[in-house]
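Now for the letters of each chain:
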Amino acid sequence: MAKVQRDAPILTVSVAAELAGMHPQTVRQYDRLGLVVASRTRGGGRRYSLADVDRLIEIQRMSQDEGINLAGIAYILKLQDQVIQLREKNNQLEKRLARLRELENDMRDQLDRRESLERRVFAADSNGFVTMAQGVELLRQALRRAQPVSESQDVVVWRPRAVALFPQARDGS
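Heads up: these notes are all about the structure in this document.

By size, the foremost hydrophobic cluster in this structure holds 18 residues, and its most contacted members are Val27, Tyr48, Leu56 and Ile59. Contributions of two or more residues to this core are made by α1 (13-20), α2 (24-33), α3 (50-64) and α4 (70-118). Residues contacting Tyr48, with those up to four places away along its chain left out, are Ala8, Pro9, Ile10, Leu11, Thr12, Val13, Ala16, Val27, Asp31, Val36 and Ala38.

Written out as structure tokens, the structure reads:
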């Protein structure tokens, strides 16, 4: 047996009314008032879904059990629809925020790696021997531990130049 989706418009007015426990004219009136809007066939006939039947039952409950008039029911249904839309929007925004946080963490990692590279300094003597460290003070300590540099050997300290992390796009943005 095929499974029918709850929002598939497959029920005629009489079937929807019978399932909801009300008269077909009541269902038509609710449609005219916009409380439950039916889908239409090519010929103009009304078609309702199981979700529409649930809504019809809820309208009847509010009207009969709670004593709420149709204008009040229309307002309540409008608010319920807005709550559903806001929850969907909230879920979308939460997913987007999670993705942005992932991107932020990736960017921070890239910046940390870049800053680590930019703190490197090198010293090269005239014989081509290169000493590298993560800062000038660490380089000094490393050079002190290394063989003494003779007066005839020149030592050049070099710090790599910072490279732009985010070069401008080619379109100028």
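With respect to the helices and strands, the residue Arg46 is situated in strand β2 (residues 46-47). At a separation of 2.6 Å, a polar atom in the side chain of Arg46 contacts the side chain of Asp31. Excluding its chain neighbours within four sequence positions, the residues that come into contact with Arg46 are Leu11, Thr12, Val13, Arg28, Asp31, Arg32, Ala38, Ser39 and Arg40.

Turning our attention to the packing of α1 against α3. Where α1 contacts α3, the two axes come as close as 9 Å, and the packing angle between them is 50°. Between α1 and α3, the interaxial angle falls into the category oblique. For the element pair α1 and α3, the recorded crossing hand is right-handed. On the side of α1, the interface is formed by Ala16, Leu19 and Ala20, while α3 contributes Leu50, Val53, Leu56, Ile57 and Gln60. Across the contact of α1 with α3, the residue classes tally to seven nonpolar, one polar and no charged.

Moving on to the environment of Arg119. By the element assignment, Arg119 lies in the loop between α4 and β3 (121-124). Here Arg119 falls in the partly exposed class, since its relative accessible area comes to 41%. Considering only alpha carbons, one finds Arg119 and Ala133, 14 residues apart in sequence, at a separation of 8.2 Å.

Tallied over the full model, the rule gives eight salt bridges. As a salt-bridge pair, Arg99 and Glu102 come within 3.2 Å of each other at their nearest N and O atoms. With a gap of three residues between them, Arg99 and Glu102 both fall in helix α4, about one helical turn apart. Judged by its relative accessible area of 44%, Arg99 is partly exposed. The residue Arg108 makes a salt bridge to Glu104 at a minimum N-O spacing of 2.8 Å. Of this pair, Arg108 and Glu104 both sit in helix α4, separated by four residues, roughly a single helical turn.

So, how was this worked out
- Residues numbered from 1 in each chain as written.
- Predicted model: local features only at pLDDT ≥ 70, side-chain atom pairs only at ≥ 80, totals over all residues.
- Heavy atoms only, no water.
- Core = buried A, V, L, I, M, F, W, Y, C linked by side-chain atoms within 4.5 Å.
- Buried < 20%, exposed > 50% of the residue type's maximum accessible area, 1.4 Å probe, protein only.
- Helix = DSSP H or I, 4+ residues; strand = E, 2+ residues; numbered from the N terminus.
- Contact = heavy atoms within 4.5 Å.
- Polar contact = N/O pair within 3.5 Å; in protein donor to acceptor, adjacent residues only side chain to side chain.
- Axes fitted to C-alpha atoms, helices over the stretch in contact; angles between N-to-C directions.
- Parallel < 35°, antiparallel > 145°, perpendicular 65-115°, else oblique.
- Left-handed = near helix turned anticlockwise from the far one by under 90°.
- Nonpolar A, V, L, I, M, F, W, Y, C, P; charged D, E, K, R; others polar.
- Salt bridge = Lys/Arg side-chain N within 4 Å of Asp/Glu carboxyl O.

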